[in-house]
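Overview (structure and organization)
One-letter residues, chain by chain:
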Amino acid sequence: MGSCKDQGQHHKDEAGCVRVHGPIIVGAGPSGLATSACLTHQGVPSLILEKSDCIASLWQHRTYDRLKLHLPKQFCELPLLGFPENFPKYPTKHQFISFLESYASHFSIQPRFKQAVQSAEFDHVLGFWRVKTKDCEYISRWLIVATGENAEPVIPDISGIDKFKGPVVHTSLYKSGSEFKNQRVLVIGCGNSGMEVSLDLCRYNAIPHMVVRNTVHVLPREMFGLSTFGIAMVLLKWFPLRLVDKFLLLVANFTLGNTDQIGLRRPKTGPIELKNVTGKTPVLDVGALSQIKSGKIKVMEGVKEITRNGAKFMDGQEKEIDSIILATGYKSNVPTWLKGCDVFTKDGMPKTPFPNGWKAEKGLYTVGFTRRGLLGTASDAFKIAGDIAEQWRTIKDCNNNSCNSHVILLKET
Ligand SMILES: Cc1cc2nc3c(=O)[nH]c(=O)nc-3n(C[C@H](O)[C@H](O)[C@H](O)COP(=O)(O)OP(=O)(O)OC[C@H]3O[C@@H](n4cnc5c(N)ncnc54)[C@H](O)[C@@H]3O)c2cc1C
Ligand SMILES: NC(=O)c1ccc[n+]([C@@H]2O[C@H](COP(=O)([O-])OP(=O)(O)OC[C@H]3O[C@@H](n4cnc5c(N)ncnc54)[C@H](OP(=O)(O)O)[C@@H]3O)[C@@H](O)[C@H]2O)c1
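Calculation notes
- Residues numbered from 1 in each chain as written.
- Chains lettered and ligands numbered in written order.
- Predicted model: local features only at pLDDT ≥ 70, side-chain atom pairs only at ≥ 80, totals over all residues.
- Domains from an automatic or database assignment.
- Contact = placed C-beta atoms within 7 Å.
- Nonpolar A, V, L, I, M, F, W, Y, C, P; charged D, E, K, R; others polar.
- Pairing = 2+ DSSP bridges.
- Helix = DSSP H or I, 4+ residues; strand = E, 2+ residues; numbered from the N terminus.
- Axes fitted to C-alpha atoms, helices over the stretch in contact; angles between N-to-C directions.
- Near = placed C-beta within 6 Å.

So, on to the domain arrangement of the chain. We note that the domain assignment places domain 1 (11–151 + 332–412) and domain 2 (154–329) within the chain. Inter-centroid distance (C-alpha atoms) of domain 1 to domain 2 is 32 Å. If you look at the interface, domain 1 gives 9 residues, while domain 2 gives 13 residues. Looking at side-chain class alone, the side of domain 1 that touches domain 2 contains 4 nonpolar, 1 polar and 4 charged residues.

This is the structure:
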């Protein structure tokens, strides 16, 4: 795999480029797999280039052991193939990975692994995308960006952190609290990762100090025995967003109590509106809140400075710390490799917002950048496959009718 010699159905030309029949998809996570499956279903071949050595590398290599899907399984399915019936309501990450493996094999998806895309640029003369990895150049009329919203960890520059004597790890490398038994651990960040890692640390008798520098919405994972997300989705069909937010907060305050009193101040904007406007995900509580209430997870204000042995906080407190976990989130990596087009922001998100961000110009598509998790992926994948299939059939018909303009057609956008 990855060598220019073994090109399967794709053709290597005289200049040493691999001409890909159908689109090139960058990334073999759920989004890349879903799009490839939908294309296959429409009779369009595709080629996935993946930088890692496996599919779903985020899930396989960069998530902790106890991770479960946050949303009920019906909101996390990929197109055309459901989860096995025996899956629980909230599948574990191992179940999710095994599903993705069978999904790939069901649709005969065989990504090229260890093919980190270093650059992709539209060649205006040829009318093709040129996609370069370390050892090969691939060309296609279509390029599908599926590298994810969470491609790289965010590592903030925190004053003094280089002087700290203990380990500093990002949550993408955290596996389990067993490595932190009985330690005082500073968890920086209080998104879903910060909360769940803090909870996991409690299970191993560690003492998490979780840094909450800002406001945060915490919602129960379920309300009245139904998933909060599911309730919100149904209500949004009938009621305005702000009313739905008010309802969610009313129930959240009733079931969780006033989170302001335990150091988790709520933003003024409601949870769904905030997600839509800023992309900030509300925390769905799976047990961390009760550990905060019981004092096992200590909520700290922003960090002023890290010292050799601990941390100084904005409110003047100082604590000795054994390890630091950065639960500071992730970012897209698209700006590092997609060149010469104006489709993405400097943060690597499509400039055109959901639901129209999936299609750009000159055969460029994006999947999985909707800030709507796997549900957004499924919606993008269907639309992309439909759109490309239409063009594919036109080209094929023309070739069958001996238009003798294969190249010219490929150039048209
Ligand atoms: C801890 C955690 C838990 C989550 N839980 C949920 C959940 O329960 N439900 C939900 O809907 N969402 C969840 N998400 C969001 C999650 O990221 C997505 O739902 C899902 O993984 C997105 O799939 P994707 O294929 O778009 O991106 P990814 O899964 O990130 O896959 C992108 C792929 O692209 C590859 N890649 C990146 N750059 C390059 C390059 N230059 N060249 C080649 N390949 C490249 C990567 O190696 C990776 O395999 C979670 C995220 C995290 C971090
Ligand atoms: N079970 C699950 O399904 C599950 C589990 C974990 C994660 N996820 C998903 O994965 C995605 C990423 O979640 P995440 O929690 O890793 O990231 P996140 O939601 O982006 O949260 C990052 C946190 O780090 C804080 N932060 C960043 N820089 C900081 C700094 N310099 N000092 C102090 N705090 C700092 C942020 O605070 P500010 O708000 O102040 O910036 C925020 O609290 C989300 O979509 C999430 O829902 C899902």
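Strand pairing in a sheet is mediated by backbone hydrogen bonds. Such pairs are either parallel or antiparallel. As summarised here, the arrangement of the 3 strands in space is 18-19-20, forming an open sheet in which the pairing is antiparallel. A strand with exactly one partner marks an edge of an open sheet, and here the two such strands are strand 18 (303–306) and strand 20 (318–320). Here the average twist between neighbouring strands, direction ignored, is 20°. As paired strands, strand 19 (residues 310–313) and strand 20 are joined by 3 bridges and run antiparallel to one another. The residue bridging Gly 310 from the neighbouring strand is Glu 320, located in strand 20.

Further remarks concern the site of ligand 1. Around ligand 1 sit 35 residues, and of these Gly 27, Gly 29, Gly 148, Gly 368 and Gly 373 come closest. Taken together, the elements giving at least two residues each to the shell around ligand 1 come down to helix 1 (30–41), helix 2 (57–61) and helix 10 (373–400). Looking at the shell around ligand 1 residue by residue, the classes come out as 17 nonpolar, 16 polar and 2 charged.

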